[in-house]
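Fold and geometry: a report
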Amino acid sequence: MTVKIYIPRDAAALALGAERVATAMADEIAARGLDATIIRNGSRGMHWLEPLVEVETAEGRIAYGPVKASDVASLLDAGLLSGGAHALCLGKTEEVPFLKRQTRLTFARCGVIDPLSLDDYRAHGGLRGLEKAVAMQPAAIVAEVTESGLRGRGGAGFPTGIKWKTVLDAAGARKYIVCNADEGDSGTFADRMIMEGDPFVLIEGMAIAGIATGATKGFVYTRSEYPHAIAAMEQAIEIARAAGVLGASVLGSAHAFDMEVRTGAGAYVCGEETSLLNSLEGKRGIVRAKPPLPAHKGLFDCPTVINNVISLASVPIILDKGATFYRDFGMGRSRGTIPIQIAGNVKHSGLYETAFGLTLGEIVDEIGGGTASGRPVKAVQVGGPLGAYFPRSLFDTPFDYEAFAAKDGLIGHAGIVVFDDTADMLKQARFAMEFCAVESCGKCTPCRIGSTRGVEVADKIAAGIEPEKNRELLADLCNTMKFGSLCALGGFTPYPVMSAMTHFPEDFSPAPVWEAAE
Amino acid sequence: MNIQLPRADVAERTLAIVGELKGLEGPLLPILHEIQDEFGYVPDECLPVIARELNLSRAEVYGVVTFYHDFREHPAGRHVLKLCRAEACQSMGGDRLAERAKALLGIDFHETTPDGAVTLEPVYCLGLCSCSPSAMLDGEVHGRVDDTELEALVAEARR
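Predicted, not measured: the structure shown is a model, and the values here were computed from it.

Cut-off values and rules
All residue numbers here refer to positions counted from 1 along the written sequence of the relevant chain. Both sets of labels track the order of writing: A upward for chains, 1 upward for ligands. Side-chain atom pairs in this predicted model are given and counted only at pLDDT of 80 or more, local residue features only at pLDDT of at least 70, and totals for whole chains, interfaces and linings cover all residues. As a convention, hydrogens and water are excluded, and side-chain values are obtained from all of the structure's heavy atoms. Here the rule is simple: two strands pair whenever DSSP picks up at least two bridges between them. Each helix is a run of H or I in the DSSP string that is no shorter than four residues. Each strand is a run of E no shorter than two, and both are numbered from the N terminus. Here the nonpolar core consists of buried residues drawn from Ala, Val, Leu, Ile, Met, Phe, Trp, Tyr and Cys, with membership extended through side-chain atoms lying within 4.5 Å. A 1.4 Å probe rolled over the protein chains alone gives each residue an accessible area, and that area as a share of the maximum for its type sets the label: buried under 20%, exposed over 50%, partly exposed in between. Should any heavy atoms of two residues lie within 4.5 Å, those residues are counted as being in contact. Whenever a pair of cysteine sulfur atoms sits within 2.5 Å, that pair is classed as a disulfide. Once two parts are brought into contact, the accessible area they lose, counted with a 1.4 Å probe and summed over both, makes up the buried area. Each salt bridge in this description consists of a side-chain nitrogen of Lys or Arg and a carboxyl oxygen of Asp or Glu lying within 4 Å of one another. Domain extents, as shown, originate in an automatic or database domain assignment. Here, axes are lines fitted to C-alpha atoms. For helices the fit covers the stretch in contact, and angles between N-to-C directions go from 0 to 180 degrees. Left-handed describes a crossing whose near helix is turned anticlockwise from the far helix through less than a right angle; right-handed describes the clockwise counterpart. Side-chain rings of Phe, Tyr and Trp (the six-membered ring for Trp) are treated as a pair once their centres are within 6.5 Å; stacked means planes under 30 degrees apart, edge-to-face means over 60, and tilted covers the remaining angles.

1. Focus on the sheet that holds strand β1 (residues 79-84) of chain B
Within a sheet, neighbouring strands are paired by backbone hydrogen bonds and run either parallel or antiparallel to one another. Residues and elements named next belong to chain B. Strand order in this open sheet of 5 strands is β2-β3-β1-β4-β5, and the pairing throughout is mixed. The outermost strands of the open sheet, each flanked by one partner alone, are β2 (111-112) and β5 (140-142). Of the strand pairs in this sheet, β2 and strand β3 (residues 118-123) are connected by 2 bridges, and their pairing is antiparallel. Directly across from E111, in β3, lies its bridge partner L120.

2. Considerations on the nonpolar core
One finds W164 of chain A together with I50 of chain B to be the most contacted residues of the largest nonpolar core, which totals 173 residues. For this core, the element with the most residues is helix α10 (residues 199-213) of chain A, which contributes 10 residues. Apart from residues no more than four positions distant in its own chain, I50 of chain B is found in contact with T14, V18, L28, I31, L32, I35 and V61 of chain B.

3. Considerations on the state of the cysteines
What makes a disulfide is a covalent bond joining the sulfur atoms belonging to two cysteines. Residues and elements named next belong to chain A. Enumeration according to the criterion identifies 0 disulfides over all chains in this entry. You can see C487 has no disulfide; the closest cysteine sulfur is in C447, sitting 6.3 Å from it. Classification of C487 as buried rests on a relative accessible area of 13%.

4. Description of the interface of chain A and chain B
Taken residue by residue, the interface counts 63 residues in chain A and 39 residues in chain B. Buried area between chain A and chain B, summed over both chains or domains, comes out near 3,600 Å², and the portion from carbon and sulfur atoms is 56%. Counting the surface chain A buries against chain B, the share from its top three residues, A265, R284 and F431 of chain A, is 16%. In this structure, the connection of chain A to chain B is made through 3 salt bridges.

5. Here's the deal with the domain arrangement of chain A
Residue and element names in this part refer to chain A. Domain parsing of chain A yields domain 1 (3-100), domain 2 (118-327), domain 3 (330-420) and domain 4 (425-515). Just the C-alpha atoms count here: the centres of domain 3 and domain 4 sit 23 Å apart. Each partner contributes to the interface: domain 3 provides 15 residues, whereas domain 4 provides 14 residues. Summed over both partners, the interface of domain 3 with domain 4 buries about 1,200 Å², with 73% contributed by carbon and sulfur atoms. Broken down residue by residue, the surface that domain 3 buries against domain 4 is led by K378, L386 and Y389, which jointly contribute 52%. Inspection of the domain 3/domain 4 interface yields 1 salt bridge. Of the charged contacts, one joins D507 and K378 as a salt bridge, the two residues approaching to 2.8 Å between their closest N and O atoms.

6. Regarding unusual backbone geometry
Residue and element names in this part refer to chain A. Here the bond from E50 into P51 is cis, since omega is -10°, no more than 30 degrees from zero. With respect to the helices and strands, the residue P51 is situated in the loop between β2 (36-39) and β3 (53-57). Here the residue pair G65 and P66 is connected by a cis peptide bond, since its omega of -10° sits within 30 degrees of zero. Here P66 shows up in the loop between β4 (60-64) and α3 (72-77).

7. Re the packing of helix α3 (residues 46-54) of chain B against helix α4 (residues 58-67) of chain B
Residue and element names in this part refer to chain B. The interhelical angle for the contact between α3 and α4, taken along N-to-C directions, is 120°, at an axis separation of 8 Å. Seen from above, α3 lies across α4 with right-handed handedness. Within the contact between the two elements, α3 uses L47, P48, I50 and A51 and α4 uses R58, V61, Y62 and V65.

8. With respect to helix α13 (residues 309-321) of chain A
Residue and element names in this part refer to chain A. Where burial is concerned, most of α13 is hidden: 12 out of the 13 residues are buried. Three or more residues of α13 are buried, namely V309, I310, S311, L312, A313, S314, V315, P316, I317, I318, L319 and D320. Two residues or fewer past α13, G322 is found with a positive phi of approximately 95°.

9. Here we look at the sheet that holds strand β16 (residues 415-420) of chain A
Residues and elements named next belong to chain A. Pairing within the open sheet is mixed, and its 5 strands lie in the order β13-β12-β16-β14-β15. Because the sheet does not close on itself, it has two edges, and the strands there are β13 (350-355) and β15 (389-391). Shown here is a sheet whose adjacent strand axes are inclined to one another by a mean of 30°, direction ignored. Pairing between strand β12 (residues 337-344) and β13: 6 bridges, direction antiparallel. Of the residues in β13, the one forming a bridge with P339 is E353.

10. Structural notes on the packing of aromatic side chains
Residue and element names in this part refer to chain A. Across all of its chains, the model carries 17 aromatic pairs over all chains by this definition. Relative to F419, the ring of Y389 lies with its centre 5.7 Å away and its plane at 70°, an arrangement referred to as edge-to-face. Placement of the pair is Y389 in strand β15 and F419 in strand β16, with a sequence separation of 30 residues. As far as the burial class goes, Y389 and F419 line up, both buried. With centroids separated by 5.4 Å and ring planes inclined at 70°, the aromatic side chains of F399 and F404 adopt a geometry described as edge-to-face.

11. Side note on the pattern of salt bridges
Side-chain pairs of opposite charge can arise where the charged atoms are in close proximity. Under the counting rule described, the total for this entry stands at 45 salt bridges over all chains. Between R72 of chain B and E121 of chain B there is a salt bridge, with its nearest N and O atoms 2.4 Å apart. Residue R72 of chain B is found in the loop between α4 and β1, and its partner E121 of chain B is found in strand β3; the two are separated by 49 residues along the sequence. Given a relative accessible area of 16%, E121 of chain B falls into the buried group. Sharing partners across several salt bridges, the network here consists of R174, K217, E260 and R262 of chain A together with E25 of chain B.

Spelled out as structure tokens, the structure:
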């Protein structure tokens, strides 16, 4: 029987040499005349072990990693095809503690299946949600999603079902489903992993959203920085269309739904939903004032559902297993699971899907294993460039929308970036302002001007010019930006700035050392 | 890629690209991406053609081109090296790596080496935050880039 060897095609694995490993493996298999085939899967999310090579044996899948191209010959010598012992052997993949402790609902298939095999997708529970949806009334689908407690995984945490109901109830000859895959936050890669590792789940989720709201056309708006995700999504859409999952008759039903991928052009602000809609329409990515809500007047002024990749990719399992199944995970008003992305200066980096409720300390110290540099953790930025920096003293904060908000932070798209004690928090605060100045769409004054003034004030503090007065000025400026900006870019930039200043005041005191260290 | 074509050819190719894509809903970004793929940048001569074909003003088209970081108004070097400058990469020494890249190439960000070989660009997140610092050379991704790998990337780009 042909042995299956899995070597990821995920961009993180590729960045660490997976292509070279796959080539070396193919060469060795041919040279040795072995009966084995290589499947290019997505990533399991254990990125410190990438490239992670797996082999299917009678006992299950056995993992090896991190594998270099130069390890391939010795792996085969050690009997890789039957799961032989080797210094890089990690044992059964499912038993690796990092993976075993997770609750994989949205990412159940990611890294397991061949991302572009619809048969594989079906064999692992795919399309069951859509099959149920085509037989349901739209209002019943919306009710199921509402009941599940699913909230927008892009960061805002707005209940998905309520958004869908608004679009379902809105009058319009044409409606759209827009998937926000403009994952620009540093520290996040969950959207990319789904698009590269299980693209059909996003297609299925969007088709369900279409049927639930009466929309017949969908767009995935993603980033030009994600060439592998774009290619995978485009191929998956072609396959789904050819198999009748998309098209004039979704799974043979009376519902029509089709979709296409659109690529942004390097503007961070286009991750803001109204700016994204303008960009899709071919305009400058300028933020729109709300109201009108996109659900009433969205893309081309038509009623539009705009959801994050992970929100949409979580819908199929909700329809398949029921709202109660999903809602039973989590805490408080944060129901279900969340794919936490552990990144930056951390030992065990990767994606960890779990129910809401773990504390930040458990995530960073236990799951992440502390810093990669081995130095103490100084700060953790949660929620991307617009998220707050948390010190160790707040490590008891549970991962939950409300708990983070109560500590003047946000979970955003659930990215966590760990910094060791060499980080200079004034420099990080300055960067937040600088980033906002570079990426501001320019529509509202607090964001456009405030961010530039913020950089200048941070520079004055660093230079020791009237530090006390300038710290007050920076706080005042943050207040203006927070309450006066039109969207989250200007409105949330104060989070990293204020949290850095509040929790790490020592870095905001003029010390001649700072200049020397620079 | 970055071949300087005569004006008439640019207009003609632009017309063909616009003709191919104008049926899309919201065709301007796909058209601009295609033009940049074709010429390596968005030549000025394209703008009036696009404007006329899409029934937009030249100012509107110019406004879109200049809004997005991706669209170049001038050709890039033969190779483009992008270094991630965002927080996750900062936490793993991205700033120091950027300084090293600038020194190796003798240029700053947004500049091209005098021999036209390499353009150095900042990028804010490649989604490789779990293997930072990261870089992209001509669309190929690289993670956990250290000094040795950076030197190899620069050498490769200079060839």
